[in-house]
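Given next are the chains, with one letter for each unit.
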Amino acid sequence: HCLSELGVDGIDHMPRATEHIAEIVAMTRSLIEKGFAYPSGGDVYFDVAKAPDYGKLSHRDPEALQAGARIEPSTKKRHPGDFALWKGSKPGEPAWESPWGPGRPGWHIECSAMSMRLLGKTFDIHGGGLDLIFPHHENEVAQSESYTGQPFAKYWLHNGLLTKGGKKISKSDPGTIVLASDLLKQHQGDTIRALLLSSHYRRPTDYGPSRLDEIARGLESFSRFFERLERLTGVVFFDLEAPKRQAAFDPGDSALLQEVAGHRRRFLDAMDDDFNTGGAIGELYELVRVLNRFADQSGLETNTAEASQRADFLAGVAVLKELTRILGLFRTAPASPSLEEHDEAHDALTDALKTLNAELGVEPEPSTTDASSPIAPLIDSLTAFRRKVRKEKNFALADQVRNRLADLGVTLEDRPDGTTWKVEPKP
């Protein structure tokens, strides 16, 4: 469920090492036969001295790699840096039968055996945290390429670590643990995804409630644009189809689409520059700004726009859909529970609105917005009052009404054809 909420749906396999014991044993046996590994007292170790380019992934001398690394000492090893392919089991530990006695796989060989079983001897991209370059990934490369004689992975992408208050989030430090299921109770999946995309993948990302709130506020500009798009054109952004392969974009003579093409090009350039997702997201904000400006200037709001202008606007929206899809953002409409589902919050808002109407001396009238909602006439009366005092040029009082409503979770939007409002449910 959490993966789905976060927009992670491209995983084809969720392998388990226990399902690949046969492949692990076969690979270990082959490495022994090729002279790259040796059995010792029920264990099997990879001999790092037999891998001439050991250390090439981390670009460090093999001897220097041992300093500060998680190297398990053992009298069974020929060299301190040799790592286990198979470990003999101790009493009470899980164990599987092998030519070297009952035991379990080493940490590194599990990944090599599973990835080669599912992806082949050589695959395109291998990812992981910066803290896994050594010893885990270095050992994966050594054992895999010694086994196959072929390159293991063409590209390695190592991400910066997720931190909380400057400390690495780690299961070894329970105080740093943040569960995705808990985050998703407080924030939309797009907010969490945008947080991770807002900086370069090789840099650390510091988690914090204030940072997530900041991201959420920023994403509201997209939500407002999607609402505006549907109101002006009837098009639901989330229902649009996006191309799955990159194709040329011809803006023609349209000034709008030429500007859109510029932001599209800069977005794609950022993504081609070692996945600069932070720069790419910046172009999305600029693209929304351009489309909003065009809607204001072309007469889309007043329904006086020409057919060609409307077509250009929708072509620009299609580009926005294409680019957000690349980042996995705004693929589905966020859940919008009604305020009535939260009785206490609904009652509190109703009381607060009644108090505000009374303070301003406003008499609620039948709602023209939503007759089924008991709060609608209260808000409608306040927006009507605000409209009246604005005409009287009492802008200070008008701003006070807007701000008081905003404090209650009611957002106003002034448009040429009037003012609309919406309530954000607060459990």
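The structure we're discussing is the one just above.
Not measured: the values here are computed from a predicted model. For every chain, the first residue of the written sequence is number 1, and numbering continues from 1 along that sequence. Given that the model is predicted, a residue must reach a pLDDT of at least 70 before its local features are reported, and side-chain atom pairs must reach 80 or more before they are shown or counted; all residues, however, enter totals for whole chains, interfaces and linings. Think of the side-chain values as coming from all heavy atoms in the structure, minus any hydrogens and water.

(A) Inspection of the overall build of the protein at higher detail. A tally of regular secondary structure across the protein gives 14 helices and eleven strands. Radius of gyration here is computed from C-alpha atoms only, and the compact-globule reference equals 2.2 Å multiplied by the residue count raised to the power 0.38. For 427 residues, the compact-globule estimate of 2.2 N^0.38 gives 22 Å, and the C-alpha radius of gyration of the protein, at 30 Å, exceeds that figure by more than 25%. Expressed along its principal axes, the backbone C-alpha trace of the protein runs to roughly 90 × 55 × 35 Å. Each residue is placed in one exposure class: buried if its accessible area under a 1.4 Å probe, protein chains only, is under 20% of its type's maximum, exposed if it is over 50%, and partly exposed if it falls in between. Sorting the 427 residues of the protein into buried and exposed places 41% on the buried side. Residues count as neighbours in contact if any of their non-hydrogen atoms are within 4.5 Å of one another. Long-range pairs, those at least 24 residues apart, make up 67% of the contacts in the protein between residues at least 6 apart in sequence. Summed over its atoms, the accessible surface of the protein is roughly 23,600 Å², and 51% of this surface lies on carbon and sulfur atoms. Helix and strand assignments follow DSSP, with helices taken as H or I runs no shorter than four residues and strands as E runs no shorter than two, numbered in order from the N terminus. Per-residue accessibility takes into account occlusion by the displayed protein chains alone, with areas from the Shrake-Rupley method and a 1.4 Å probe.

(B) Geometry of the nonpolar core. Counting 43 residues, the largest nonpolar core has F313, L320 and L327 as its most contacted members. Of all the elements in the fold, those that place two or more residues in this core are α6 (180-186), α7 (189-197), α8 (209-233), α9 (255-272), α10 (277-298) and α11 (307-326). Among the elements that take part in this core, α10 stands out by supplying nine residues, more than any other. Here L327 is in contact with R193, L197, F267, M271, T277, A280, I281 and L284, once residues within four sequence places are set aside. We define a nonpolar core as any set of buried Ala, Val, Leu, Ile, Met, Phe, Trp, Tyr and Cys residues linked to one another through side-chain atoms lying within 4.5 Å. Formed by 27 residues, the second largest nonpolar core is a distinct cluster that contains A113, F134, V141 and W156.

(C) Fine view of the sheet that holds strand β9 (residues 205-207). Here the rule is simple: two strands pair whenever DSSP picks up at least two bridges between them. Pairing is mixed in the open sheet, where three strands are placed in the order β8-β7-β9. At either margin of the open sheet sits one strand with a lone partner, and together these are β8 (167-168) and β9. Note: strand β7 (residues 162-164) against β9, three bridges, orientation parallel. From the neighbouring strand, K164 faces β9, where its bridge partner is Y207.

(D) Examining the pattern of salt bridges more closely. Here, a salt bridge means any side-chain nitrogen of Lys or Arg that lies within 4 Å of a carboxyl oxygen of Asp or Glu. For the structure shown, the criterion picks out 29 salt bridges. Linking K56 and D53 is a salt bridge whose minimum nitrogen-to-oxygen distance equals 3.4 Å. K56 gets classed as partly exposed once you look at its relative accessible area, which sits at 37%. Here D414 makes a salt bridge to R386, at a shortest N to O gap of 2.9 Å. With D414 in strand β10 (residues 410-415) and R386 in helix α13 (residues 376-391), this pair connects stretches of sequence that are 28 residues apart. Each member of the salt-bridge network shares a partner with another, and the members are R228, R231, D296, E301 and E413.

(E) Inspection of the environment of P151 at higher detail. Mapped onto the fold, P151 is located in the loop between α5 (133-148) and β6 (153-159). Relative accessible area serves as the criterion here: at 51%, P151 is assigned to the exposed category. For the pair formed by P151 and V141, sequence separation is ten residues and the distance between their alpha carbons is 8.2 Å.

(F) Spatial organisation of unusual backbone geometry. The linkage connecting F134 with the following residue, P135, adopts the cis geometry, with an omega of 5 degrees. The backbone of N303 sits at a positive phi, close to 60 degrees, despite the residue not being glycine. Mapped onto the elements, N303 comes out in the loop between α10 and α11. When its relative accessible area of 72% is taken as the criterion, N303 is described as exposed.

(G) Inspection of the sheet that holds strand β4 (residues 103-105) at higher detail. Ordered by their spatial adjacency, four strands build an open sheet running β1-β2-β3-β4, and the pairing between neighbours is antiparallel. Strand pairing shows two members of the sheet lacking a second neighbour, β1 (37-40) and β4, which therefore form its edges. On average, adjacent strands in this sheet sit at an angle of 20 degrees to one another, irrespective of strand direction. Think of each axis as a best-fit line through the C-alpha atoms, taken over the contacting stretch in the case of a helix, with angles from 0 to 180 degrees between the N-to-C directions. Here helix α2 (residues 21-33) sits on the sheet and contacts β1, β2 (43-46), β3 (83-88) and β4; the angle it forms with β3, its principal contact strand, is near 120 degrees.

(H) Examining the pairing of β2 more closely. Residues of β2 alternate between two faces, with D43 and Y45 on one and V44 and F46 on the opposite face, all of them buried. Across four bridges, β1 lies against β2 in antiparallel orientation. By the bridge assignment for β2, A37 is matched with F46. Bridge count for β2 against β3 is three bridges, and the pairing is antiparallel.

(I) Here's a closer look at the side chain of R264. As for its position among the elements, R264 is in helix α9. Two N or O atoms count as a polar contact when they lie within 3.5 Å, although within protein this holds only if one can serve as hydrogen donor and the other as acceptor, and sequence-adjacent residues are included solely when both atoms are side-chain atoms. Looking at R264, its side chain comes within polar contact range of the side chain of E322, at 2.9 Å. When sequence neighbours within four positions are dropped, the list of residues in contact with R264 reads Q246, A247, F249, V319, E322 and L323.

(J) Layout of the packing of α9 against α11. Where α9 contacts α11, the axes come no closer than 10 Å and their chain directions differ by 10 degrees. Considering their axes alone, α9 and α11 lie roughly parallel with respect to each other. Mapping the contact onto sequence places L256, L257, V260, R264, F267, L268 and M271 in α9 and D312, F313, A315, G316, V319, E322, L323 and I326 in α11. Charged means Asp, Glu, Lys or Arg here, nonpolar means Ala, Val, Leu, Ile, Met, Phe, Trp, Tyr, Cys or Pro, and polar covers whatever is left, Gly included. Of the residues assigned to the contact of α9 with α11, the class counts are eleven nonpolar, one polar and three charged. For classification purposes, an angle smaller than 35 degrees is called roughly parallel, one larger than 145 roughly antiparallel, one from 65 to 115 roughly perpendicular, and anything else oblique.

(K) Main features of α5. Compared with an ideal rise of 1.5 Å per residue, which puts 16 residues at 22 Å, α5 spans 21 Å between its outermost C-alpha atoms and is within 8% of the ideal. Most of α5 is tucked away: 15 of the 16 residues are buried. Two residues or fewer after α5 comes G149, characterised by a positive phi angle close to 75 degrees. By this rule the span expected of a helix is its residue count minus one, scaled by 1.5 Å.

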